[in-house]
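# An overview of the molecular structure
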Amino acid sequence: MDKKKYMTVDGVPVEINGEKNLLEIIRKVGIEMPTFCYYSELSVYGACRMCMVENEWGGFEASCSTPPREGMNIKTNTEKLRKYRKNILELLLANHCRDCTTCEKNNDCKLQALARKFKIEGVRFPNTASKAERDQSSPCIVKDQSKCILCGDCVRVCNEVQNVGAIDFAHRGSKMTISTAFDRPLAQSPCVGCGQCVAVCPTGALILNSEAEVIWKALHDKELKTTVQIAPAVRVAIGKELGFKEGENAMGKIVAALRLMGFDEIYDTSLAADLTVLEETNEFIDRLNNGGKLPLMTSCCPGWIQYAEKKHPELLENISTCRSPMQMMASIVKAQAREKDEKHFHVAIMPCTSKKFEAIREEFTVDGQRNVDAVLTTKGLIRMIQEAGIKFSEIEPEAIDMPFSTISGAGVIFGVTGGVTEAVLRRVSSNKNRAELVTLANVGQRGEEGIKEFDLPFGERTLKIVVCSGLGNAEKVIKRMEAGEHFDFVEVMACPGGCVNGGGQPFAVREEKSKRSKGLYDTDRLLSIRRAEDNPILNELYNGVLKDKVHELLHVHYGKHK
Amino acid sequence: MKQKIDFSVLDQAIKEYGNEEKSLIAILQRAQEHYRYLPEEVFAYLAEKLNLPEARIYGVATFYENFSLEQKGKYVVKVCDGTACHVRKSIPILEALRKELGLSEQKKTTDDLMFTVETVSCLGACSSAPAVMVNDEIYPTMTPETAVALINELKEKN
Amino acid sequence: MFKSVEELRVYREQCKQLLQAEKKKIIVCGGAGCVSKGANKVYEKLVKVMSEKKLNYTVKLEKCNEGDSIRLTKSGCHGFCEVGPLVRIEPQGWLYVKVNENDCEDIIEKTMLNGECVERLCYTENGVVYKEKKEVPFYKKQTRVSLDNCDKIDATSIEEYLANDGYTALEKALTEMTGEEIVNQITESGLRGRGGGGFPTGRKWSQVARQKNFPKYVVCNGDEGDPGAFMDRSVMEDDPHRMLEGMIIAGIATGATNGYIYVRAEYPLAVQRLRTAIKRAEELGILGDNILGTDFSFHMNISRGAGAFVCGEGSALTASIEGKRGMPRVKPPRTVEHGLFDKPTVLNNVETFANVADIINKGADWYKGIGPEKSPGTKTFALTGNIKNAGLIEVPMGTTLREVIFDIGGGMRGDGKFKAVQIGGPSGGCLTEEHLDLPLDFDSLKKAGAIIGSGGLVVMDEKTCMVEVARFFMNFTQNESCGKCVPCREGTKRMLEILERIVAGEGRDGDVELLQELGEMISDMALCGLGKTAAGPVLSTIKYFRNEYEAHIYDKRCPAGECQKLKRIVIDPELCKGCSKCSRICPVGAISGKIKEPFTIDLNKCIRCGSCISACAFKAIKEE
């Protein structure tokens with residue numbers, strides 16, 4: 001066995017155990033280094049220089065990019081470092097819009113937090129924040145140059161992880177900006193609205209487009225019936241900021257809070273996900289049996305749909321015609337409302353920013369009326385709960401409203417990568433006993449890897465199945481398809497890890513993200529109904545509102561996006 | 001003024017340098033030489049051909065001084081403001097040229113697209129300071145007067 | 001296409017014989033300085049005169065007629081750009097300066113046909129006429145190694161390079177030495193990178209040789225962007241094969257098979273010359289697959305810069321070759337492990353490669369014999385600014401600043417008094433009178449707070465304002481900052497802001513300290529070498545000329561009299577007759593007074609236009 005290797009951090013000896021960089025070593029000692037541009041999921045950029053450490057010879061090294069070496073002796077907090085970090089913060093603030101109190105990210109801003117920690121008491125330089133107008137062209141994301149600190153996190157996530165490349169660095173030096181090509185509005189760029197850039201932005205330069213105002217207005221309108229659906233991934237991500245543990249299912253509290261806010265009826269999107277399972281499975285089997293276009297690619301992720309439309313229109317025929325669970329539920333809700341001729345406002349609470357775009361798509365409007373009238377992200381919901389003054393930790397949990405209250409575990413796990421696939425497998429499998437569920441959980445679709453692939457025997461043949469999350473990973477699979485590789489079923493989620501890590505979720509580091517996935521799998525395990533087809537509500541729906549309207553209400557054909 | 005873009009020069013450059021990211025700068029240089037600036041249409045075309053995001057190409061084009069997104073004049077006059085030229089008074093030359101042509105720091109090109117006046121960090125012709133470069137030719141030891149005379153000479157040529 | 005080393009040797013011998021057959025030679029300097037001063041016209045006129053006289057002459061290395069045939073050639077830069085166009089006469093070694101078309105008749109008639117020296121064309125200093133080039137003070141203290149061929153050969157001819165023992169080092173490296181032996185010889189010679197940092201070249205090569213990740217690359221940094229530096233340009237334009245030879249040898253030594261030369265955009269001629277050189281080398285089998293019949297292959301590519309100073313930094317340069325924005329990346333990993341296309345890469349500058357062939361041929365000891373022990377060899381410098389003999393020089397390391405400025409450079413231009421020299425461009429610092437006897441080598445300069453950098457030497461006299469110099473460099477760096485790291489992007493912007501207000505007379509108490517605070521932070525915190533040195537000119541001018549900063553800030557006065565906004569116009573009460581002409585001509589009504597009594601100027605109103613000065617009949621108004 002190799003001899004153990006040690007180095008010293010602030011006088012404390014630390015064992016080096018395969019850590020990539022000094023940051024990880026320093027964290028082991030129990031010290032949190034200030035950083036703006038370091039994320040373990042992205043390439044090392046090393047530009048903010050906040051994480052610099054001083055070595056024993058008085059030299060300086062960036063802890064994010066320096067690998068630990070045996071015998072190294074570093075200090076993380078010296079007189080010079082403290083002064084320099086203050087300098088850097090002051091310089092960033094000098095070039096920054098400092099209207100903190102009216103900023104969306106107030107109290108949730110890294111720059112603000114560090115400025116406070118380091119006690120920056122004044123800025124000795126004239127303010128030169130950008131005067132450029134906010135780009136509000138996108139239904140999903142708002143970009144504000146005056147709050148950008150050029151850490152490049154958004155650029156890397158957009159390019160490295162998502163392969164979208166909507167934004168990049170432009171110009172250089174003090175004129176450098178984060179920009180679309182020719183600084184066009186985001187809406188005219190290849191942006192798919194996944195919101196991953198918003199998730200990593202340390203300041204208010206990239207924020208979610210909020211629809212809270214129209215929702216409040218609807219809630220205060222006595223004439224309107226307001227209904228709301230809640231996506232699976234929301235319940236396991238909302239808690240942390242409201243006093244829960246990360247990954248803890250807070251559905252009951254959410255329902256209670258929404259009632260207090262004034263919603264008339266509250267539904268669970270998981271039910272619509274059950275519908276999606278049935279429809280998508282039918283489509284899959286039909287394509288398998290009748291020589292239809294393969295692979296069948298999933299359709300529930302709007303970021304992925306936009307990506308395909310903009311970059312791979314040739315794949316649109318592969319994509320399932322199933323509407324996303326959000327839209328399935330909304331079309332049913334609105335169809336029923338139309339039957340009753342009631343004035344109805346339907347809100348969808350989603351972990352996703354791209355859903356905001358999906359909601360305004362022409363395909364999902366009837367006579368000019370959106371099926372989903374407003375999309376609220378998890379973060380947006382937290383804000384509204386706080387605004388309403390609801391003490392989330394003190395209210396008693398409540399149950400979902402009928403008729404959309406019964407859900408299956410299959411629908412719940414839609415919120416995590418591999419969930420759609422697993423739900424479909426449960427449906428496809430002829431073995432309906434409980435042990436089979438355990439077998440199906442372990443065929444290869446679970447886990448946090450970006451690309452998971454496995455073979456599954458199905459009758460006479462073997463199905464080749466791929467599950468990918470993160471559009472960059474999707475692109476890798478597409479490249480392989482282009483090179484001639486055959487797959488039968490491809491699940492694509494735009495956000496790495498699936499909807500639990502959607503752009504509309506509160507920021508989380510890797511370990512927290514894992515807890516969210518676990519939260520959904522736990523919920524699934526505790527439910528009495530685990531298979532979509534066992535959900536009794538579905539039968540009612542198929543015999544009721546969906547009768548002769550399955551295609552009209554549950555399916556869609558996407559076209560090339562202009 | 002929207003000109004019809006002939007992409008054949010780009011096709012030729014792509015053929016020569018290869019349709020990969022590492023050829024991007026060479027291809028943009030060819031385009032810059034041909035069109036004397038980089039028309040917006042070039043970006044979408046190259047994005048497709050090289051399979052690169054348009055924003056990245058825009059990022060590269062705006063990083064390097066030699067690429068211009070605006071049309072430049074027939075004669076690009078570069079006044080060297082390197083150390084040697086600066087010490088030997090290059091700024092009065094720049095000012096004289098701008099005055100003569102009605103240009104400024106913001107407005108670099110004359111309306112008739114004849115002249116563009118800009119500064120360059122160093123032409124590497126320090127022994128001939130202060131130097132001015134017109135297209136590819138260097139004019140040594142200039143004064144504000146000789147620079148203006150040079151402009152007039154070029155005007156008469158046309 | 002030569003298939004063996006022997007075939008190349010035979011061809012070289014032929015070239016040598018042709019060269020030896022050339023008895024009388026006229027060498028016209030074709031360097032950029034001389035060309036801009038009319039060297040091409042001189043060359044053409046010489047051809048015309050010789051044709052008219054029906055003389056036997058050749059313009060390239062070819063079989064010349066017996067006896068009195070004249071060889072006319074256009075070489076690269078001779079370095080003495082100040083007095084160009086230059087013409088040299090061989091075999092006498094006479095140097096003619098400031099030659100124009102009208103002198104050509106005399107050169108042919110008197111010198112070529114009658115062997116007389118045209119003295120009026122010779123360089124004269126302090127009444128002494130210097131006939132021979134080697135006697136001219138400018139050349140006397142120089143030792144030319146990397147620039148050796150520049151003033152001799154026609155850069156477009158591989159034959160002339162061969163005739164001057166070109167590619168013999170390559171032969172030796174290919175046939176007599178192992179890669180390890182080459183690395184050892186370079187290591188032993190003590191050669192240090194000429195691009196600025198002075199990193200030992202041998203160590204760098206051995207680190208690349210050790211890597212097992214193929215392919216490997218050899219990259220030549222020809223992005224000489226320092227304002228005031230043009231040494232590498234001369235090598236690339238005037239002796240391109242010397243550089244190619246050094247790069248190929250680096251390939252043999254490290255196992256690299258591909259070379260990239262990154263040439264800055266402003267050097268179109270260098271690109272053209274290098275292209276020609278690569279093409280000819282490929283035609284002769286010196287570059288390409290199986291060089292000279294051996295199993296070593298090496299391919300050479302040229303990347304043209306697109307205008308970004310920061311691309312002189314290694315990782316920015318490789319990013320640029322890869323077609324990306326030239327933004328430096330964090331290190332480690334280092335270029336020797338993950339360089340171009342993420343592969344092991346030897347990255348050296350032009351001058352470093354230009355030294356390789358001689359070290360292989362003449363041995364490590366020969367090289368170590370030049371200059372001081374820790375910084376052996378020669379160094380090229382571009383001598384510019386307020387100096388009499390501006391130009392390109394090469395001296396042994398360790399030569400003192402005094403020798404360079406006063407012996408070679410001929411002292412100050414005009415009647416100016418030496419004040420400071422800026423060395424190492426925007427990354428460097430300034431040296432003052434107290435440093436005149438400082439030996440120019442890596443370590444001595446570092447100790448004095450400056451760097452050799454690429455070797456630009458800008459001499460300044462007492463009319464140069466050091467605050468303005470600092471502002472100028474900061475403006476440059478600020479413009480060229482890539483924008484990636486906060487210290488450089490935001491820090492240089494603020495430093496420039498402060499310097500701008502100081503030279504405009506709006507400096508505040510505490511500004512010098514703030515400049516120092518920011519400067520130190522940038523030096524310690526910036527991401528790349530350029531950022532780390534960006535504050536150099538400011539910090540060193542503050543160190544040596546703090547009083548000038550203070551005069552600007554507290555007295556609102558520019559001691560050098562350079563800062564326009566700080567100029568004061570005053571009326572000498574002794575000379576003023578009170579005629580009121582000045583107050584009538586003043587466009588802003590800044591001058592007032594009683595007739596027949598001395599007038600005064602309100603400096604708050606005065607816009608320093610100078611109208612009053614020219615209007616005054618009694619020379620009573622002066623700028624201070």
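These figures come from a predicted structure and were not determined experimentally. (Residues numbered from 1 in each chain as written. Chains lettered and ligands numbered in written order. Predicted model: local features only at pLDDT ≥ 70, side-chain atom pairs only at ≥ 80, totals over all residues. Heavy atoms only, no water.)

## Here we look at the confidence of the model for chain B
Scored by pLDDT, chain B has a mean of 89; 97% of the residues are at 70 or more. Per-residue pLDDT, averaged within each element of chain B, yields its smallest value for helix 5 (residues 83-87) of chain B (76) and its largest for helix 4 (residues 54-63) of chain B (97). (pLDDT = per-residue confidence, 0-100. Helix = DSSP H or I, 4+ residues; strand = E, 2+ residues; numbered from the N terminus.)

## Points about the side chain of B:T110
By secondary structure assignment, the location of B:T110 is in the loop between helix 6 (91-101) and strand 2 (115-120). Excluding anything up to four places from it in sequence, B:T110 contacts B:L101, B:L103 and B:F115. (Contact = heavy atoms within 4.5 Å.)

## Quick word on helix 1 (residues 22-29) of chain A
Residues and elements named next belong to chain A. Restricting attention to buried positions, one finds in helix 1 the residues L22, L23, I25 and I26. The arc that holds every buried residue of helix 1, seen down its axis, measures 160 degrees, which confines them to one face. Structurally, helix 1 contributes buried residues whose contacts are with strand 1 (5-9), strand 2 (12-16), strand 3 (52-55) and strand 5 (73-75). (Buried < 20%, exposed > 50% of the residue type's maximum accessible area, 1.4 Å probe, protein only. Arc of directions from axis to C-beta.)

## What about the interface of chain A and chain C?
Counting from both sides, the interface comprises 35 residues of chain A and, opposite them, 33 residues of chain C. Here chain A packs against chain C, burying approximately 2,900 Å² in sum over the two surfaces, 57% of which is carbon and sulfur. Scanning the region where chain A abuts chain C turns up two salt bridges. If you look at where chain A meets chain C, you find 22 residue pairs in polar contact (both at pLDDT 80 or more). Broken down by secondary-structure element, the contributors of at least two residues to the side of chain A that touches chain C are helix 2 (79-94) and strand 7 (168-170) of chain A. For the side of chain A that touches chain C, the element with the most residues is helix 2 of chain A, which contributes nine residues. (Buried area = accessible area lost by both parts, 1.4 Å probe. Salt bridge = Lys/Arg side-chain N within 4 Å of Asp/Glu carboxyl O. Polar contact = N/O pair within 3.5 Å; in protein donor to acceptor, adjacent residues only side chain to side chain.)

## A short note on the side chain of C:K419
Structurally, C:K419 can be placed in strand 14 (residues 418-423). Side-chain polar atoms of C:K419 contact the side chain of C:E548, separated by 2.5 Å.

## Remarks on the interface of chain B and chain C
Facing 34 residues of chain B, the contacting portion of chain C comprises 49 residues. Taken over both partners, the interface formed by chain B and chain C buries close to 3,200 Å², and the fraction arising from carbon and sulfur atoms is 54%. Across the contact surface, chain B and chain C share two salt bridges. Between B:K89 and C:E562 there is a salt bridge, with its nearest N and O atoms 3.8 Å apart.

## Some remarks on the domain arrangement of chain C
Segmenting chain C into domains produces domain 1 (20-136), domain 2 (158-368), domain 3 (378-461), domain 4 (466-554) and domain 5 (567-623). The centre of domain 1 of chain C, based on its C-alpha atoms, is set 48 Å off from the matching centre of domain 4 of chain C. (Domains from an automatic or database assignment.)

## Things to note about the domain arrangement of chain B
According to the domain assignment, chain B contains domain 1 (8-63) and domain 2 (75-157). On a C-alpha basis, the centroid separation for the pair domain 1 of chain B and domain 2 of chain B is 29 Å.

## Here's the deal with the confidence of the model for chain C
All names here are of chain C. Across chain C, the average pLDDT comes to 93, with 100% of residues at 70 or higher. Across chain C, the element-wise mean pLDDT spans from 82 in helix 24 (residues 611-615) up to 98 in helix 20 (residues 511-525). For this predicted complex, the interface confidence comes out at an ipTM of 0.92, alongside a pTM of 0.92.

## So, the packing of helix 2 of chain A against helix 3 (residues 110-117) of chain A
All names here are of chain A. Two elements in contact, helix 2 and helix 3, have axes whose closest approach is 10 Å; the angle formed by their N-to-C orientations is 135 degrees. When the axis of helix 2 is compared with that of helix 3, the two are oblique. Every pair of crossing elements has a handedness; the one defined by helix 2 and helix 3 is left-handed. Facing helix 2, whose interface residues are L89, L92 and L93, helix 3 presents L111, L114 and A115. Each residue belonging to the contact of helix 2 with helix 3 can be placed in one class, and the counts come to six nonpolar, no polar and no charged. (Axes fitted to C-alpha atoms, helices over the stretch in contact; angles between N-to-C directions. Parallel < 35°, antiparallel > 145°, perpendicular 65-115°, else oblique. Left-handed = near helix turned anticlockwise from the far one by under 90°. Nonpolar A, V, L, I, M, F, W, Y, C, P; charged D, E, K, R; others polar.)

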